[in-house]
Amino acid sequence: MDPIILFFVLGLGSGLLRSELRLPSAVYDFLSILLLLAIGLKGGIELAKQPFADLLPQMSAVLALGFLLPLVAYPVLRRVGRFKRADSASIAAHYGSVSVGTYAVAVAYLVNRQIYFEEHMPLLLVLLEIPAILVGIVLARGLSRQTKWGVVAHEVFLGKGIVLLMGGLLIGWIAGPAGTEAISPLFFDLFKGVLALFLLEMGILTAGQIGSLRRYGLFLLGFGMGMPVFSAVVGTALALLLGLSVGGTTMLAILAASASYIAVPAAMRISVPEANPTLSLAAALGVTFPFNVLLGIPLYHAMAVQAQAFWGG
Amino acid sequence: MVIHSRKLLTIITEAALEGTLIRDVERLGAQGYTITDARGKGRQGVRNAGWEASSNIRMEILCDADTATAIADHLRQHYYEDYAMTLFLVEVGVWRPEKF
């Protein structure tokens, strides 16, 4: 087993046993900044190598995916889960968006197994982060005039995650492979160590969600595992249409399957305050994140291999 | 030196509201404020500042009674229902009244 996964299990276990272990929040912030920049830089360096126009079909397909997923999740949450409108919309937005932590684990998984994937994935990651937030707000509010779209846009486009990812992409793009060599020891060589520490804290945070999960019951548990598998199937199909490699197909499935726990909670708290944040965090962080990290990634990879063998060119 | 009496309004709430709150209190006449990160437990459960979604801030505003009332009314109307928020007011003495 990958040691980084064991770090996650360590955090989860010590959280469940109520150990005093905790990373100081400044350290956690620093680790997430490093991860976001490293992922952005990697993607940017790749963008420098290829003509941007070639990526336009993939970019628009991923944007469409970001609009579609929350629209599928919403009626399920509303009708089957019987959640209030605002809660359904907010949870749907979490599931339409992406988790950078999950993406980072998937990178480590594929690199470990020496499986090639299209390195411009971080660009698609950024694109997939945004549409679901807008869909979530419209689902909760309708196209209400009360929504302060200026504030929403500020929250969405200038949130820490987007700024660091986009910033990393641009720096990587401008500096190129040769230019970024000097900073690569920090951002690329240390990537897995940073990710291991990050996952330790994620395990502790996940354990903290188990209590509220117990309160909200079985539906969230089922949704938290069913929705990512469904999204992964959609992502895999889309990757086949776009002609991605096996690694790229796995990546797009993971991007589709992961649920946001940083950008979307912050945006929803400001834009749809009546939605209960405990519900969406219990599902996204308490169920879907550990599910994807422990079981989902190998599952989606196997799915990508099968799908490519049947339909891939 | 003469001591002048002013109000100290303390707001403890979710870190997600920081930007919005700053805009609100400045518009309502506060001439300054102090924000610190906070941890604790209340009606909305433990908020242990482990990460952004569960972190709290403590905002302190020194001002005159009218401004304090205006800010408190505004916050109660707009944020009490949906956000974890605690407000309290105490009487304090200051030496430079023109600042507050």
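Just above, that's the structure.
Residues numbered from 1 in each chain as written. Chains lettered and ligands numbered in written order. Predicted model: local features only at pLDDT ≥ 70, side-chain atom pairs only at ≥ 80, totals over all residues. Heavy atoms only, no water.

**Student:** Hey, could you go over helix α11 (residues 191-216) of chain A for me, with residue numbers and the actual values?
**Tutor:** Residue and element names in this part refer to chain A. Over its 26 residues, α11 runs 36 Å from end to end, which matches the ideal 38 Å to within 8%, given 1.5 Å per residue. The sharpest bend along α11 comes to roughly 30°, located at I210. Two residues or fewer past α11, G217 is found with a positive phi of approximately 85°. (Helix = DSSP H or I, 4+ residues; strand = E, 2+ residues; numbered from the N terminus. Expected span 1.5 Å × (residues − 1). Bend = angle between axes of the 7 residues up to and from the residue.)

**Student:** Can you lay out the pairing of strand β1 (residues 4-14) of chain B for me, pointing to particular residues and giving the numbers?
**Tutor:** Residues and elements named next belong to chain B. Along β1, 8 of the 11 residues are buried, which leaves the element largely enclosed by surrounding structure. Where β1 meets strand β6 (residues 85-94), 10 bridges bridge the pair, whose relative direction is antiparallel. Directly across from T13, in β6, lies its bridge partner M85. As paired strands, β1 and strand β5 (residues 56-63) are joined by 8 bridges and run antiparallel to one another. (Buried < 20%, exposed > 50% of the residue type's maximum accessible area, 1.4 Å probe, protein only. Pairing = 2+ DSSP bridges.)

**Student:** Explain the nonpolar core to me, using residue names and the numbers behind them.
**Tutor:** Within the largest apolar cluster, 110 residues are counted, with the highest numbers of intra-cluster contacts made by Y103, L195, F198, L199, M202 and L255 of chain A. It is helix α15 (residues 277-311) of chain A that provides the largest number of residues to this core, a total of 12 residues. Apart from residues lying up to four places away in sequence, L195 of chain A is in contact with I4, L35, A104, V105 and A108 of chain A. Grouped together as the second largest cluster of nonpolar side chains are 20 residues, L17, L21, I61 and I71 of chain B included. (Core = buried A, V, L, I, M, F, W, Y, C linked by side-chain atoms within 4.5 Å. Contact = heavy atoms within 4.5 Å.)

**Student:** Give me the sheet that holds β5 of chain B: which residues, what numbers.
**Tutor:** Residue and element names in this part refer to chain B. Spatially, β2-β5-β1-β6 is the arrangement adopted by the 4 strands of the open sheet, whose pairing is antiparallel. Sheet topology places β2 (34-38) and β6 at the edges, where each strand pairs with a single neighbour. Within this sheet the neighbouring strands show an average axis-to-axis angle of 20°, counted without direction. Where helix α1 (residues 18-27) meets the sheet, it contacts β1, β2, β5 and β6, and its direction lies at approximately 10° from that of β5. (Axes fitted to C-alpha atoms, helices over the stretch in contact; angles between N-to-C directions.)

**Student:** Quick one: what's the story with the packing of helix α13 (residues 246-257) of chain A against α15 of chain A, residue by residue and with numbers?
**Tutor:** Two quantities define a packed helix pair, namely the angle between the helix axes and the distance between the axes. All names here are of chain A. Viewed as axis vectors pointing N to C, α13 and α15 meet at an angle of 140°, and their least axial separation amounts to 8 Å. Between α13 and α15 lies a crossing whose hand is right-handed. Of α15, the residues touching α13 (which contributes V246, T249, T250, A253, I254 and A257) are T288, N292, I297, Y300, H301, A304, V305 and Q308. Its residues placed into classes, the contact of α13 with α15 shows 8 nonpolar, 6 polar and no charged. (Left-handed = near helix turned anticlockwise from the far one by under 90°. Nonpolar A, V, L, I, M, F, W, Y, C, P; charged D, E, K, R; others polar.)

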